[in-house]
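Chain by chain, the residues run as shown.
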Amino acid sequence: MPLKETLDAAIKQAMLAKDKVRLTALRSLKSQIMLAETAEGAQGAALTPDAELKLLNKAAKQRRDAAAIYKEQFRSDLEGNELAELAVIEEYLPQQLTEADLVERLVHIIQRVGAQGPSDLGKVMGVAARELSGQADGKMISQVVSNLLNNTNQ
């Protein structure tokens, strides 16, 4: 079932449950999907599962970034809203890799591409971003790859 239809059903449930935070997050996702479908060049076609995943990742990243900013500004009320919406969005994302699993997968990628040190960061990141899309945050992937490549020189 396409994400848009799943969201429609979830919106109805959130309305019946009078869950305002969940309803806000779901409506935001549906709005982003509709904007992507009607964007110039999209020709009104439904989004591919890959495009839906990118959209969900973007929405989750926006909520994480906003929550971090609110935390820095000591606005725990707004931070709580963003984190609650993030939790709703994460229900529709694939299961995220644990840090141990991420390190293991990245070690295999580094060995496969033959990376020797920090100068090969771009080569590893290209493969890692493609293979781990939606399974881990890009910032976390970058940090782990950097740590792994910096430790290979020692």
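Procedures and definitions
- Residues numbered from 1 in each chain as written.
- Predicted model: local features only at pLDDT ≥ 70, side-chain atom pairs only at ≥ 80, totals over all residues.
- Heavy atoms only, no water.
- Helix = DSSP H or I, 4+ residues; strand = E, 2+ residues; numbered from the N terminus.
- Core = buried A, V, L, I, M, F, W, Y, C linked by side-chain atoms within 4.5 Å.
- Buried < 20%, exposed > 50% of the residue type's maximum accessible area, 1.4 Å probe, protein only.
- Contact = heavy atoms within 4.5 Å.
- Expected span 1.5 Å × (residues − 1).
- Arc of directions from axis to C-beta.

A. Looking closely at unusual backbone geometry. The backbone of Lys18 shows a phi angle near 55 degrees, a positive value even though the residue is not glycine. Along the chain, Lys18 falls in the loop between helix 1 (3-17) and helix 2 (20-38). Despite not being glycine, Phe74 has its phi angle at roughly 60 degrees, a positive value. Residue placement: Phe74 occurs in the loop between helix 3 (49-72) and helix 4 (76-90).

B. A look at the nonpolar core. Core analysis: the largest hydrophobic core is formed by 21 residues, its most contacted members being Leu7, Leu26, Leu29, Leu56 and Tyr92. At the level of elements, helix 1, helix 2, helix 3 and helix 4 are the ones that each hand at least two residues to this core. Setting aside anything within four residues of it in sequence, one finds Leu56 in contact with Leu3, Leu29, Ile89, Tyr92 and Leu93. Grouped together as the second largest cluster of nonpolar side chains are 15 residues, Leu102, Ile109, Ile110 and Leu149 included.

C. Main features of helix 5 (residues 99-113). Between its terminal C-alpha atoms helix 5 stretches 21 Å, which fits the 21 Å expected from 15 residues at 1.5 Å a residue. Restricting attention to buried positions, one finds in helix 5 the residues Leu102, Leu106, Ile109 and Ile110. Viewed along the axis of helix 5, the buried residues span an arc of 100 degrees, placing them on a single side of the element. Facing away from the buried side of helix 5, by more than 90 degrees, are the exposed residues Ala100, Gln111 and Arg112. Count one or two residues on from helix 5 and you reach Gly114, which has phi positive near 75 degrees.

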